[in-house]
Amino acid sequence: MHFVNIGTWSLDPKTGSSYFSHSFKVFKHLPAINTSANMFITNILLKKAKSKNILVLMESAVSGHQFTMIRERLADKLELQRFDPYIQRMSLYRERRRLRSLH
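Predicted, not measured: the structure shown is a model, and the values here were computed from it. Throughout, a residue's number is its position along its own chain's written sequence, starting from 1. In keeping with the predicted nature of the model, local features appear solely for residues at pLDDT of at least 70, side-chain atom pairs appear and are counted solely at 80 or more, and the whole-chain, interface and lining totals rest on all residues. Think of the side-chain values as coming from all heavy atoms in the structure, minus any hydrogens and water.

Caption draft 1: Region of interest: the sheet that holds strand β5 (residues 79-84). Pairing between strands requires that DSSP locate at least two bridges from one strand to the other. Counting from the N terminus, the helices are DSSP H or I runs at least four residues long and the strands are E runs at least two residues long. Overall, antiparallel pairing links the 4 strands, which are arranged β4-β3-β6-β5 in an open sheet. On the outer flanks of this sheet lie β4 (66-72) and β5, each paired with one strand and no other. With direction set aside, neighbouring strand axes in the sheet form an average angle of 45°. Axis definition: a line fit to C-alpha positions, over the contact stretch in the case of helices; interaxial angles, taken between N-to-C directions, run 0 to 180 degrees.

Structure, rendered in structure tokens:
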């Protein structure tokens, strides 16, 4: 059962003061009202967890050769030396961009 407070402001003609009169009516057909606490708990439970690792694109600083690599989300951007097949030598590779999250 749901109770709805229906009240009105009235003016007392004898004293000239105003007062609020209450009356309660019962409505059985009203849906249950979610409180903010219930909605807050639901938001916590339904929130997705962030993944620990991400897939990033690595690119050669010399030739533009690219490959993908996995790194931790919170780690710094990657820079490493690796063999570049385009120029047949060791080359510096830098992280170009993040491609996607890995779960």
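There is more to say after this.
Caption draft 2: Highlighting a nonpolar patch on the surface. Patches in this entry comprise residues that are over 30% relatively accessible and not in a salt bridge; like charges within 9 Å are linked, as are nonpolar side chains (Val, Leu, Ile, Met, Phe, Trp, Tyr) within 5 Å. Using a 1.4 Å probe, accessible areas were evaluated by the Shrake-Rupley method; residue-level cover was limited to the displayed protein chains. Basic side-chain nitrogens of Lys or Arg form a salt bridge, by our definition, when they fall within 4 Å of a carboxyl oxygen of Asp or Glu. On the surface, Val62, Tyr86 and Ile87 cluster together into a nonpolar patch covering about 310 Å² of accessible area. Note on placement: tyrosine 86 falls in the loop between β5 and β6 (89-102). Relative accessible area decides the class of each residue, using a 1.4 Å probe on protein chains only: under 20% of the type maximum gives buried, over 50% gives exposed, and in between gives partly exposed. A relative accessible area of 56% places tyrosine 86 in the exposed class.

Caption draft 3: Quick peek at the environment of tyrosine 93. Summarising the element assignment, tyrosine 93 is placed in strand β6. For the pair tyrosine 93 and glutamate 79, spaced 14 residues apart in sequence, the C-alpha to C-alpha distance is 5.6 Å. We call two residues in contact when some of their heavy atoms are within 4.5 Å. Aside from chain neighbours lying at most four places away, what touches tyrosine 93 is Met58, Glu59, Ser60, His65, Phe67, Leu78, Glu79, Leu80, Arg82, Phe83, Asp84 and Pro85. Polar contacts, as counted here, are pairs of nitrogen or oxygen atoms within 3.5 Å of one another; within protein the pair requires one atom able to donate a hydrogen and one able to accept it, and residues that are adjacent in sequence qualify only if both atoms are side-chain atoms. Reaching out from tyrosine 93, the side chain makes a polar contact with the side chain of histidine 65 at a distance of 2.8 Å.

Caption draft 4: Representation of the packing of aromatic side chains within the structure. For Phe, Tyr and Trp, rings pair up if their centres lie within 6.5 Å, where Trp contributes its six-membered ring, and each pair is then called stacked (planes under 30 degrees apart), edge-to-face (over 60) or tilted (otherwise). A complete count under the given rule lists 1 aromatic pair for this structure. Ring plane angle 70° and centroid distance 5.1 Å describe the contact between phenylalanine 67 and tyrosine 93, whose orientation is recorded as edge-to-face. On the criterion of sequence distance, the pair formed by phenylalanine 67 in strand β4 and tyrosine 93 in strand β6 is long-range, its members being 26 residues apart. Since its relative accessible area comes to 13%, phenylalanine 67 is described here as buried. Taking relative accessible area as the criterion, tyrosine 93 reaches 0% and is therefore assigned buried. Criterion for a charge above a ring: Arg CZ or Lys NZ at most 6 Å from the ring centre, at most 35 degrees from the ring normal. Taking NZ or CZ as reference, arginine 82 lies 4.0 Å from the ring centre of phenylalanine 67, over its face.

Caption draft 5: Focus on the nonpolar core. Nonpolar core, defined: a set of buried Ala, Val, Leu, Ile, Met, Phe, Trp, Tyr and Cys residues in which side-chain atoms within 4.5 Å join the residues together. In terms of nonpolar packing, the biggest core is built from 6 residues, these being Ile54, Val56, Met58, Phe67, Leu80 and Tyr93. It is strand β3 (residues 53-60) that provides the largest number of residues to this core, a total of 3 residues. If sequence neighbours within four positions are ignored, isoleucine 54 has contacts with Met69, Ile70, Arg71, Arg73, Arg98, Arg100, Ser101 and Leu102.

Caption draft 6: Spotlight on the pattern of salt bridges. Counted under the stated rule, the structure contains 3 salt bridges. The shortest N-O distance in the salt bridge between glutamate 59 and arginine 96 comes to 3.1 Å. With glutamate 59 in strand β3 and arginine 96 in strand β6, the pair connects residues that are 37 residues apart, well separated along the chain. Accessibility expressed as a relative area gives 54% for arginine 96, which makes it exposed. Notably, a salt bridge pairs glutamate 95 with arginine 71, separated by 2.8 Å at the nearest N-O pair. Residue glutamate 95 is found in strand β6, and its partner arginine 71 is found in strand β4; the two are separated by 24 residues along the sequence. A relative accessible area of 11% places arginine 71 in the buried class.

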